[in-house]
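Chains, contacts and geometry: an overview
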Amino acid sequence: MLQTSAGTPGQLGLRLQAFVCVLFLCVTPAALHPQCLDFKPPFRPDRDLEFCIMYREFGCCDRQKDQELMARYYRIMENFTERGHKSCAGFVLELLCQECSPFAAHLFDAEDPSTPLRTIPGLCPDYCSQFWNQCRSIIPFLSDYTPLNQAKDDQNRFCKLLELDDADYCYPHLLSNHKLNQNLGRVQKDSDGCLQLCLEEVANGLRNPLAMVHANDGTHRFFVAEQVGLVWTYLPDRSKLEKPFLNITKAVLTSSWEGDERGFLGITFHPKYKYNGKLYVYYSVEVGFDERIRISEFKVSTNDMNLVDHTSERVILEIDEPASNHNGGMLLFGDDGYLYIFTGDGGMAGDPFGKHGNAQNKSALLGKVLRIDVDNNDKGPLYRIPSDNPFIHEPGARPEVYAYGVRNMWRCSVDRGDPHTKEGKSRIFCGDVGQNKYEEVDIIEKGCNYGWRAKEGFSCYDKKLCTNSSLNDVLPIYAYPHRKGKSVTGGYVYRGCEHPNLNGMYIFGDFMSGHLMSLKENTNSGEWKYNEICMGMGLTCAFPGLINNYYPYIISFAEDESGELYFMSTGTPSATAPSGVIYKVVDPSRRAPPRRCHYEPLPVRVRSNLIQFVPQENLIGVELPAENTSEAEPTRTYELLLDHLDRLSEREQDRTTPAPIRTTRSPQSPKRKGRGRKGKGRSRSLSELHNGVVRLVRDEFLHGDRGRVEIYVHGEWGTVCDDLWSIKNAEVVCRQLGFKYALKAARNAEFGEGKGLRILLDDVHCNGTEFNLLNCIHAGVGNHNCAHYEDAGVICGNSKPSEEA
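Predicted model, so just to flag it, every value in this text is computed and none were measured. (Residues numbered from 1 in each chain as written. Predicted model: local features only at pLDDT ≥ 70, side-chain atom pairs only at ≥ 80, totals over all residues. Heavy atoms only, no water.)

**Re the overall build of the protein chain**
Summing up its helical and strand segments, the protein chain has 13 helices and 36 strands in all. The proportion of buried residues among the 805 residues of the protein chain is 60%. Of all intrachain contacts in the protein chain linking residues separated by at least 6 positions in sequence, the fraction that spans at least 24 positions is 66%. Summing over all exposed atoms, the protein chain offers an accessible surface of approximately 32,600 Å²; the carbon and sulfur share of this is 49%. (Helix = DSSP H or I, 4+ residues; strand = E, 2+ residues; numbered from the N terminus. Buried < 20%, exposed > 50% of the residue type's maximum accessible area, 1.4 Å probe, protein only. Contact = heavy atoms within 4.5 Å. Areas by Shrake-Rupley, 256 points an atom, 1.4 Å probe, with all protein chains shown as cover.)

Dropping the structure here:
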């Protein structure tokens, strides 16, 4: 049992040390639901915490929040004598720092965004008794919730108000709760070792969405291709342009019958698309009585960045298809700048074409990985052969061939490499669909033979070819039998920012079984460890906006411009059935620290109508809380706690075109329903913020009393220009934030530039008595003639400034 007395620094240190030890135990899996006050998973801070050191390894506070809590601590403790410090400092530190706990949402009853928020965390009875006996005089400085203050002279009543319905989460006993702390911060597994992940719905109503790509042009748009020959543009806010980016439905050969492998199969953008506007597509066509696969080049319209110039098509390559299946369909550019084309073996079964089949015949383009150079092709040949292609000097071999012996590679990807070491960069992973027994995953290398039709996975298929000593084939990194799935869908090595635990994990799936799977390389042995991926059980996915289910036919995987991972699946595998959905893969156990994954999309000029995204999928298997229709008892707002919530909203990206994003209320246990609200102030969500609310943000997190001024107006945060910025203006801001004095009116972006935000106010002139900056004279919301290097800031304080200030 952990020491529960906070009376001395030594006892406090024992508790902090014990918690850090518990935090990283390597033990068996467990069901837990860590969650922060912003309803998101905890994280490992980028910088060491100085105040709440018990959560320096993992929790809900970054350095900025840690400094704010420390500033609040000193503001509280300045009201007490040396004796009061000795008796209560440890209690105040621990209570304040529970906002940093990985279980902060439980401690403050914030698991459900619709419920009010506690002002003091839920306490275990024995700890509450000690706190009350030693430090009840400090209660008004920690909370202004009227019932708590009225009960501060009655121990039983006071501690009853601070009880949690779920006693497992009360402080400090949760620190020694083995069930809650085992494997904390790691991807959770069920009893069978299946990794517990969650999903976020991104798009829906699509007809067999088989490719999602980005243009790598800084706009963070994504383009989704349907099998029928339509490509749609989606903006970063997930709204869809009403007019398709590309429409070649009249040329594409496909049908409505389930399982038809023909159609629009692949799309990729030139690495220099931002400058040359070129993209490449792979689709099935019918020429006379022949079926072919066609690789074509298009250019974007010079008049509309969201529309292809359909008259610009140039056919780069056409290949006859002897059958309607095994059409391949993948296009991608490698890190070498060359275009890779992945063809199927021609169809039927067993690659029956010629003596050894198409895949082993280097004079045929089917059953191959092709590599061509499409740069500088505006004049002269449409493509050239890279000088280091492996078979350019082999008699009879097609010079386009880069690798051979493949059956029907369905979905390949280029590894971006480890974000820090770049290990693994440029590797090409592919899923190769098997025949009768095995599916396989390969890493493509120059000149290699991947074995088909001699081998299927690690097993012989054509026994005569399999024993040929000249086969010299490369074995897959992984193969699985048909009892697990019958049609592999290749995926990606995760290299995104938002989910650090997934880094280096190759995530893929199976079209027929609907299984999601993962491989992780042991860099010392070179072996790949397999783990199946399951949807999170119980409360694992009980975060706003997350779901734990998907349609079973996994068609394709994708990554966006920032490297986050997605997959596409459908409920009906027909080119005309609008049941396709795009899902983003989410690790609920740990996220990146706040602001690490921030990006600023370049503006997109939109000439089409927008279709706003409306999620259709729901979290299943979890009882969601009923709407709270009873009004919480009105209380005087505790300004610093609400300022904390305001600062958390900084994570919301400023978007060019806002879209309604669904949020799912996190579940609570049935016994929580209908209970009275205890020890809570009124909560305030982003949608409830009032115009004129301000917050302080800065690049270097030194104090909680200074920073760049950001103001909330009409649903967005923005900055204030320093034209006419004065100490009177600063007084309005500081008083609004609860400080007595303004010590400085900072100019010239002293606390950093708010480049991700709009400039909302300029030429602000206050007399110092206004309620907020909107009540002062200004140029009008959104009107300005300045730039972010003129962002205004303030330094506030509770001590009277000197004359020089």
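**Brief notes about the sheet that holds strand S11 (residues 308-321)**
Pairing in this open sheet of 4 strands is antiparallel, and the strands run S8-S9-S10-S11 from one edge to the other. Each edge of the open sheet carries a strand with a single partner, namely strand S8 (264-269) and S11. Each strand of the sheet is rotated relative to its neighbour by a mean of 25°, with strand direction disregarded. As judged from the 9 bridges shared by strand S10 (residues 290-300) and S11, these two strands associate in the antiparallel manner. Among the inter-strand pairings, Arg294 is bridged to a residue of S11, identified as Glu318. (Pairing = 2+ DSSP bridges. Axes fitted to C-alpha atoms, helices over the stretch in contact; angles between N-to-C directions.)

**Side note on helix H13 (residues 727-736)**
Turning to H13, its buried residues number three or more, namely Asn729, Ala730, Val732, Val733 and Cys734. Elements in contact with the buried residues of H13: strand S31 (694-697), strand S32 (706-713), strand S34 (741-746) and strand S36 (793-797).

**Describing the packing of helix H2 (residues 63-77) against helix H3 (residues 82-97)**
Here H2 crosses H3 at 150°, and the two axes come no closer than 10 Å. If you check the angle between H2 and H3, you find them roughly antiparallel. Classified by chirality, the crossing of H3 by H2 is right-handed. Of the residues in H3, those touching H2 at Leu69, Arg72, Tyr73, Ile76 and Met77 are Gly84, His85, Ala89, Val92, Leu93, Leu96 and Cys97. Among the residues forming the contact of H2 with H3, the class breakdown is 9 nonpolar, 2 polar and 1 charged. (Parallel < 35°, antiparallel > 145°, perpendicular 65-115°, else oblique. Left-handed = near helix turned anticlockwise from the far one by under 90°. Nonpolar A, V, L, I, M, F, W, Y, C, P; charged D, E, K, R; others polar.)

**Regarding the sheet that holds strand S12 (residues 330-333)**
Taken in spatial order, the 4 strands line up as S12-S13-S14-S15 in an open sheet, and their pairing is antiparallel. Looking at which strands have only one partner, the edges of the open sheet turn out to be S12 and strand S15 (401-404). With direction set aside, neighbouring strand axes in the sheet form an average angle of 20°. Where S12 lies against strand S13 (residues 339-342), 4 bridges are found, and the strand directions are antiparallel. In the sheet register, Leu331 faces S13, and the bridge partner there is Ile341.

**A short note on the side chain of Asp560**
Here Asp560 lies in the loop between strand S26 (553-559) and strand S27 (565-570). This buried residue, Asp560, is left without a salt bridge; Lys584 holds the nearest opposite charge, at 5.2 Å. Separated by 2.9 Å, the side chain of Asp560 and the backbone nitrogen of Glu564 make a polar contact. A distance of 2.6 Å separates a polar atom in the side chain of Asp560 from a polar atom in the side chain of Tyr566. Those residues within four positions of Asp560 in sequence are excluded, and the remaining contacts are His214, Arg416 and Tyr566. (Lys, Arg positive; Asp, Glu negative; His and termini not counted. Salt bridge = Lys/Arg side-chain N within 4 Å of Asp/Glu carboxyl O. Polar contact = N/O pair within 3.5 Å; in protein donor to acceptor, adjacent residues only side chain to side chain.)

**Overview of the pattern of salt bridges**
Between side chains of opposite charge, a pair can form as their charged atoms come close. Under the definition given, this model contains 42 salt bridges. Its salt-bridge partner being Arg708, residue Glu710 comes within 2.8 Å of it at the nearest N-O pair. In this structure, Glu710 and Arg708 share a single accessibility class: buried. Residues joined in a network through salt bridges with shared partners are Lys278, Glu297, Lys299, Arg314 and Asp378.

**Structural notes on the state of the cysteines**
Taken as a whole and judged by the stated rule, the model has 14 disulfides. There is a disulfide in this structure between Cys198 and Cys541, and the S-S distance comes to 2.0 Å. Taking the sign of the S-S torsion, -95° for the link of Cys198 and Cys541, the bridge is left-handed. Of the two residues, Cys198 sits in strand S2 (residues 195-206) while Cys541 sits in the loop between strand S25 (528-535) and S26, which places them 343 residues apart along the sequence. Cys541 carries the same exposure label as Cys198, and that label is buried. Disulfide pairing places Cys497 opposite Cys597 at an S-S distance of 2.0 Å. Taking the sign of the S-S torsion, -85° for the link of Cys497 and Cys597, the bridge is left-handed. Here Cys497 is found in the loop between strand S22 (488-493) and strand S23 (505-510), whereas its partner Cys597 is found in the loop between strand S28 (580-586) and strand S29 (610-611), with 100 residues between them in sequence. (Disulfide = S-S within 2.5 Å.)

**So, H3**
A rise of 1.5 Å per residue sets the reference length of H3, with its 16 residues, at 22 Å; its end C-alpha atoms lie 22 Å apart and thus fit the reference within 8%. Of all the bends in H3, the largest measures some 55° and sits at Cys88. Regarding H3, the residues found buried are Gly84, Cys88, Ala89, Gly90, Phe91, Val92, Leu93, Glu94, Leu95, Leu96 and Cys97. (Expected span 1.5 Å × (residues − 1). Bend = angle between axes of the 7 residues up to and from the residue.)

**Side note on the environment of Val764**
Here Val764 is to be found in the loop between strand S35 (758-761) and S36. Sequence separation of Val764 and Asn729 is 35 residues, and the distance between their C-alpha atoms is 7.4 Å. Those residues in contact with Val764 that sit more than four places away from it in its chain are Val720, Asp723, Leu724, Asn729, Leu773, Cys776, Ile777 and His778.

**Observations regarding the environment of Gly367**
Looking at the secondary structure, you find Gly367 in the loop between S13 and strand S14 (368-372). Remark: the alpha-carbon pair of Gly367 and Tyr450, spanning 83 residues in sequence, is separated by 9.9 Å. In contact with Gly367, not counting residues within four places along its chain, are Thr343, Gly344, Asp345, Ala359, Tyr404, Gly405 and Val406.

**Comments concerning the pairing of S13**
Of the two faces of S13, the one holding Leu339 and Ile341 and the one holding Tyr340 and Phe342 are both buried throughout. Following S12, the chain reverses through 5 residues before pairing antiparallel with S13; Gly337 in that reversal takes a positive phi of roughly 90°. With 4 bridges connecting them, S13 and S14 associate as antiparallel partners. Bridge pairing in S14 places Phe342 opposite Val369.

**A closer look at the side chain of Lys368**
Residue position: Lys368 is located in strand S14. The buried charged residue Lys368 lacks any salt bridge, with Asp351 as its nearest oppositely charged partner at 7.2 Å. A polar contact is formed between the side chain of Lys368 and the backbone oxygen of Asn358, at a distance of 2.5 Å.

**Some details on unusual backbone geometry**
Note the cis peptide between Tyr171 and Pro172, where omega equals 5°. Take Pro172: it is sitting in the loop between helix H8 (155-161) and helix H9 (178-181). The omega torsion of the bond from Trp452 to Arg453 falls at 10°, within 30 degrees of zero and hence cis. As for its placement among the helices and strands, Arg453 is situated in the loop between strand S18 (438-444) and strand S19 (455-456). At Phe39, a position not held by glycine, the phi torsion is positive, near 70°. Residue placement: Phe39 occurs in the loop between helix H1 (9-23) and H2. Phe39 gets classed as partly exposed once you look at its relative accessible area, which sits at 23%. Even without a glycine there, the phi angle at Ser426 is positive, about 85°. Given a relative accessible area of 35%, Ser426 falls into the partly exposed group.

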